[in-house]
Amino acid sequence: MTDYSGLIVPLPDLEPVVGKWRAKYDTFADTPAHVTVLFPWIPPDSLTEADLDAVGQLTTSWQPFEVCFARFGTFEDEDVHYLAPEPADPFLALTEDLCTVWPEYPPYEGVFAEVVPHLTVSTSADAAQAAEFRAAVTALLPVRTIARELTAIEVLDGQCRVRRSFRLGGRKR
């Protein structure tokens, strides 16, 4: 998959906690610290302003919500280390709402039986590197923040850019 779009909930308050480690060990380090709610989404060359307007309409029914990151999780089969949001339910509900509008784009192309909301810290660290960043990040937890927006991103030729951001509760940014 070369070019794609996705919908994420950016969490800038987590950037000071995980940014350094994501820069070293995350394939998608050029995206802000975030929880993905729908990926992959519409191919960038097919993504229209009407699609983006539909996302904006959907976000008007959502209010900002508090979320806490207090523990690590690991997807063992992929060696992905992540922070688990608590509660995870608002992220799952956002994904469900988006999939109601775009059922042809299931999360992660329908590969996983269960969608697990997460903030990826590493996709490439070895065991020693993982132990180092997990200890450093864990010392800074818990982090409480407010999820305030949904952002449409595009990755073109390996470079991520924001296509449009929407404040939960309305108002385009």
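To start, this report covers the structure provided alongside it.

Conventions used here
Residues numbered from 1 in each chain as written. Predicted model: local features only at pLDDT ≥ 70, side-chain atom pairs only at ≥ 80, totals over all residues. Heavy atoms only, no water. Helix = DSSP H or I, 4+ residues; strand = E, 2+ residues; numbered from the N terminus. Rg over C-alpha atoms; globule rule 2.2 N^0.38 Å. Buried < 20%, exposed > 50% of the residue type's maximum accessible area, 1.4 Å probe, protein only. Contact = heavy atoms within 4.5 Å. Areas by Shrake-Rupley, 256 points an atom, 1.4 Å probe, with all protein chains shown as cover. Expected span 1.5 Å × (residues − 1). Arc of directions from axis to C-beta.

## Regarding the overall build of the protein chain
Looking only at helices and strands, the protein chain has 4 helices and 8 strands in total. From first element to last, N terminus to C terminus, the protein chain shows the α and β order β-α-β-α-β-β-α-β-α-β-β-β. A compact globule built from 173 residues would reach a C-alpha radius of gyration of about 16 Å, and the protein chain, at 16 Å, matches this within 12%. Summarising its shape, the C-alpha atoms of the protein chain cover approximately 45 × 35 × 30 Å along the three principal directions. Counting over 173 residues, the protein chain shows a buried share of 47%. Long-range pairs, those at least 24 residues apart, make up 74% of the contacts in the protein chain between residues at least 6 apart in sequence. Carbon and sulfur atoms make up 52% of the accessible area of the protein chain, which amounts to about 8500 Å² in all.

## Digging into helix H4 (residues 127–138)
Over its 12 residues, H4 extends 16 Å from the first C-alpha to the last, a length consistent with the 16 Å expected when each residue adds 1.5 Å. Taken residue by residue, H4 has Ala130, Phe133 and Val137 as its buried positions. Buried positions in H4, seen along its axis, are confined to an arc of 75 degrees and lie on one side of it. Exposed side of H4, more than 90 degrees from the buried face: Ala127 and Ala128 are the residues found there. In this fold, the buried residues of H4 make contact with helix H1 (15–25), strand S3 (65–75), strand S4 (80–86) and strand S5 (119–122).

## Brief notes about unusual backbone geometry
Excluding glycine, a negative phi dihedral is what most residues carry, and trans is how most peptide bonds are arranged. The omega torsion across glutamate 86 and proline 87 is 0 degrees, close enough to zero to call that bond cis. The topology assignment puts proline 87 in the loop between S4 and helix H3 (89–101). The omega angle of the peptide bond from leucine 141 to proline 142 is 5 degrees, so this bond is cis rather than trans. The phi dihedral of tyrosine 108 is positive, around 55 degrees, even though this residue is not glycine. Inspection of the secondary structure assignment puts tyrosine 108 in the loop between H3 and S5. For glutamate 109, which is not glycine, the phi dihedral falls at a positive 55 degrees. Summarising the element assignment, glutamate 109 is placed in the loop between H3 and S5. Residue glutamate 109 is classed as exposed on the basis of its relative accessible area of 52%.

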